[in-house]
Amino acid sequence: MIPLTLAQIAEITDGQLRGDPGAVVTGEVVIDSRRAGPGGLFAAVAGERADGHDFASSAVAAGAVAVLATRPVPVPSVLVTEVPAALAAMARFVIDALPAAAIAGITGSSGKTTTKDLAAQLVERLGPTIAPAGSFNNEFGHPLTVLRADAATRYLVLELSARGPGHIAYLCRVAPPRYGVVLNVGQAHAGEFGGLDQVARAKGELVEALPADGAAILNADDPRVLAMAARTAARVVTFGVDDQTAQIRAAGVWLDDLGRPSFTLLTPEGQARVTLRLHGAHTVPDAVAAAALARELGLGLADIADGLCTAVARSRWRMEVRRRTDGVTVINDAYNANPESVRAALDALRHLAQDGRGFAILGHMAELGEVSRASHEDIGELAARAELAGLIAVGEEAAPILAGARRVRSWTGEALAVPDGAAALDALANQLKPGDVVLVKASRAAHLEGVATILAGEEADR
Ligand SMILES: Nc1ncnc2c1ncn2[C@@H]1O[C@H](COP(=O)(O)OP(=O)(O)OP(=O)(O)O)[C@@H](O)[C@H]1O
Ligand SMILES: [Mg+2]
């Protein structure tokens, strides 16, 4: 955070100052009052369950200099009409004050956080880097991340999400990127957009925002992403796994017994062997995208390869693989779910369960709109074709998964519908044997990560 006085904040946000104009904010800007700390600024937001304004006093008691609020609070504050707009204005002010910082944006339907975490661990080798924690990718998380930058910052690696047209363009105005990575166009939130072509229109807003001296880093394996080359003034750099014309490419992908990929990274500068600490073949395009971005920012091939080999999963519940001491393996991929990521997880499950039995505890995939039922049935069919020993659908909305599985007449596994995670655990209790692998996956709203944590057990050794 670059230090800002309350007077400056009021001016930047067009807000009304209620407090000492000379008081200086030096700490982090947060919207979670529990994270408010000395020198920081607490932005009060009215959420579904709680109203941040009720926590204004406790945030200041914890050390926050003031509160950004939309109605009067009994502590020093800047009153604004809308908090996201105020955060955006502050973030833009910070960006304008830091012309030496290179900004990269990453978007796509699946894999943004995975790619962002990998890219950040590469780019950090070049200099001080700001990247969001977890999925801070919307009108709150994005400016809050940008506000962490200061005079020492050289790189910002940002995650950009969209739930509708214009969202990414908006985030690009808050922090104009010079580098843009588009991973894929998939079904995530497709229901809200009205179809894949609309998703592609929205994701492409990132490359439309890039300047002529920037780089658009596009997935050559996804035709909708590759087509975005026509929508940018920036130089186009392609990455991929299957498309042999991709400039940055992974070849000879191979997975170890825990699904960790090894591959040869091919670049114009030469090639290098990479083994990831992440699980699942779907992480390979994410890694190659991260490599392509780091290369654009000036990182050499040896550092890129070494960085990918040592990079760890920084954000929880995405393909976390735990092998219990009794030989049962649990895959906690309960962070979210859409058809592409469930497909990727089932592929990984099938690979890990080559020598044992595979089980999947699947909750529903949210926000798919009119294709929701068919998508759930397709996932069930896929699970049955993967010859799982057991398929447990959690909650009523996930039931079509079982209908899809039953379409596969040759499948001999057990299909079970349960109301909640506890019942899923009961169903598996005393069933699991050494060598078995259990995947737990659902949309965020289903909160199945607890199920996976319990299943993985305290004695998890990996
Ligand atoms: N390239 C990919 N293709 C398909 N699935 C992927 C890919 N990369 C990651 N995933 C899977 O997608 C899920 C979400 O991963 P991640 O959190 O990285 O994505 P995200 O785009 O940041 O999601 P969100 O929109 O929730 O922020 C995980 O289950 C992960 O294993
Ligand atoms: Mg994310």
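A.B. asks: I'm lost on the packing of aromatic side chains in this one. Help?
C.D. replies: By convention here, two paired aromatic rings are described through the distance between centres and the angle between planes. Within this structure, the stated rule accounts for 0 aromatic pairs. Positioned above the aromatic ring of Tyr 335 is the side chain of Arg 318, whose terminal nitrogen or guanidinium carbon lies 3.6 Å from the ring centre.

A.B. asks: Explain the nonpolar core to me, please; I cannot follow it from the model alone.
C.D. replies: Here is a general trend for soluble globular proteins: nonpolar side chains tend to be buried in one another's company. Ranked by size, the top nonpolar core spans 58 residues in total, and within it Ile 9, Leu 41, Leu 68, Leu 87, Met 90 and Leu 156 carry the most contacts. Among the elements that take part in this core, helix 3 (residues 83-97) stands out by supplying 8 residues, more than any other. Among residues more than four places away in sequence, those in contact with Leu 87 are Val 29, Ala 43, Leu 68, Phe 140, Pro 143, Leu 144 and Leu 147. Ala 119, Leu 122, Tyr 179 and Ile 217 belong to the second largest nonpolar core, which has 42 residues in total.

A.B. asks: I'm lost on the packing of helix 1 (residues 6-13) against helix 3 in this one. Help?
C.D. replies: When two helices pack together, their arrangement is captured by the angle between the axes and the distance separating the axes. Running from amino to carboxyl end, helix 1 crosses helix 3 at an angle of 110°, the nearest separation of the two axes being 8 Å. With respect to each other, helix 1 and helix 3 are oriented roughly perpendicular. Of the two possible hands of crossing, helix 1 and helix 3 adopt the one that is right-handed. Between helix 1 and helix 3, the contacting residues are Gln 8, Ile 9, Ile 12 and Thr 13 on the first element and Ala 86, Ala 89, Met 90 and Phe 93 on the second.

A.B. asks: Help me out: how do you make sense of the site of ligand 1 in this one?
C.D. replies: In the vicinity of ligand 1, 21 residues are found, and the nearest of them are Thr 114, Asp 286, Arg 318, Asp 333 and Asn 336. The contact in question runs from a nitrogen atom of ligand 1 to an N or O atom on the side chain of Asp 286, over 2.6 Å. Surface burial for ligand 1 is 91%, taken as the share of its 630 Å² of free accessible area covered by protein chains. Broken down by secondary-structure element, the contributors of at least two residues to the shell around ligand 1 are helix 4 (112-123) and helix 13 (339-352). Taken together, the residues of the shell around ligand 1 sort by class into 3 nonpolar, 11 polar and 7 charged.

A.B. asks: Explain the sheet that holds strand 22 (residues 437-441) here, please?
C.D. replies: Strand pairs in the sheet, formed through backbone hydrogen bonds, run parallel or antiparallel to each other. Read from one edge of the open sheet, 6 strands run 17-18-22-19-20-21, paired in mixed fashion. The sheet terminates laterally at strand 17 (320-323) and strand 21 (414-418), the two strands that pair on one side only. Shown here is a sheet whose adjacent strand axes are inclined to one another by a mean of 15°, direction ignored. Examined bridge by bridge, strand 19 (residues 358-362) and strand 22 share 5 bridges and lie parallel to one another. Its bridge partner being in strand 22, Ile 361 is matched across the sheet by Val 440. Across the sheet, helix 17 (residues 449-456) touches strand 17, strand 18 (329-332), strand 19 and strand 22, and the angle it forms with strand 18 is around 160°.

A.B. asks: So what exactly am I meant to see when it comes to the pattern of salt bridges here?
C.D. replies: One side chain can pair with another of opposite charge once the charged atoms of both are near each other. The full count for this structure, using the stated rule, is 31 salt bridges. Of the charged contacts, one joins Glu 208 and Arg 201 as a salt bridge, the two residues approaching to 3.6 Å between their closest N and O atoms. Linked by salt bridges that have partners in common, Arg 373, Glu 377, Asp 378, Glu 381, Arg 385 and Arg 407 make up one network.

A.B. asks: Explanation requested: unusual backbone geometry in the structure shown.
C.D. replies: If a residue is not glycine, its phi is most likely negative; likewise, a peptide bond is most likely trans. You will see that Met 319, though not glycine, has its phi angle at about 50°, which is positive. Mapped onto the fold, Met 319 is located in the loop between helix 12 (301-310) and strand 17. Judged by relative accessible area, which is 6%, Met 319 ranks as buried. Positive phi is not limited to glycine here, since His 447 has a value of about 50°. Structurally, the position occupied by His 447 is in the loop between strand 22 and helix 17.

A.B. asks: Where do I start with the environment of Ala 101 in this structure?
C.D. replies: Among the structural elements, Ala 101 can be located in the loop between helix 3 and strand 8 (102-107). For Ala 101, a relative accessible area of 13% corresponds to the buried category. Separated by 28 residues in the primary sequence, Ala 101 and Thr 129 place their C-alpha atoms 9.0 Å from one another. Here Ala 101 is in contact with Thr 153, Arg 154 and Leu 156, once residues within four sequence places are set aside.

A.B. asks: In this structure, what is going on with the pairing of strand 12 (residues 215-219)? I would like to understand it.
C.D. replies: Put simply, side chains in a regular strand alternate between the two faces of the sheet. Among the 5 residues of strand 12, 5 are classified as buried, and the element is accordingly described as predominantly covered. Residue alternation in strand 12 divides its side chains into two sets, Ala 215, Ile 217 and Asn 219 and Ala 216 and Leu 218, and both sets are buried. For strand 12 and strand 13 (residues 235-240), the ladder comprises 5 bridges, and the chain directions are parallel. By the bridge assignment, Ala 215 is partnered in strand 13 with Arg 235.

A.B. asks: Would you mind going over the sheet that holds strand 4 (residues 29-30) with me for this structure?
C.D. replies: Read from one edge to the other, the open sheet built from 5 strands follows the order 2-7-6-5-4, with strand pairing classed as mixed. Looking at the sheet topology across the chains shown, the edges are occupied by strand 2 (16-18) and strand 4. Contacts between helix 1 and the sheet are confined to strand 2, strand 5 (41-43), strand 6 (66-69) and strand 7 (77-79), with strand 7 contributing the most and set at about 15° to the helix. Sheet strands in contact with helix 3 are strand 4, strand 5 and strand 6, and its direction is about 120° off that of strand 6.

Cut-off values and rules
- Residues numbered from 1 in each chain as written.
- Chains lettered and ligands numbered in written order.
- Predicted model: local features only at pLDDT ≥ 70, side-chain atom pairs only at ≥ 80, totals over all residues.
- Heavy atoms only, no water.
- Phe/Tyr/Trp six-rings, centres within 6.5 Å; stacked < 30°, edge-to-face > 60°.
- Lys NZ or Arg CZ within 6 Å of the ring centre and 35° of its normal.
- Core = buried A, V, L, I, M, F, W, Y, C linked by side-chain atoms within 4.5 Å.
- Buried < 20%, exposed > 50% of the residue type's maximum accessible area, 1.4 Å probe, protein only.
- Helix = DSSP H or I, 4+ residues; strand = E, 2+ residues; numbered from the N terminus.
- Contact = heavy atoms within 4.5 Å.
- Axes fitted to C-alpha atoms, helices over the stretch in contact; angles between N-to-C directions.
- Parallel < 35°, antiparallel > 145°, perpendicular 65-115°, else oblique.
- Left-handed = near helix turned anticlockwise from the far one by under 90°.
- Near = heavy atom within 4 Å.
- Polar contact = N/O pair within 3.5 Å; in protein donor to acceptor, adjacent residues only side chain to side chain.
- Areas by Shrake-Rupley, 256 points an atom, 1.4 Å probe, with all protein chains shown as cover.
- Nonpolar A, V, L, I, M, F, W, Y, C, P; charged D, E, K, R; others polar.
- Pairing = 2+ DSSP bridges.
- Salt bridge = Lys/Arg side-chain N within 4 Å of Asp/Glu carboxyl O.

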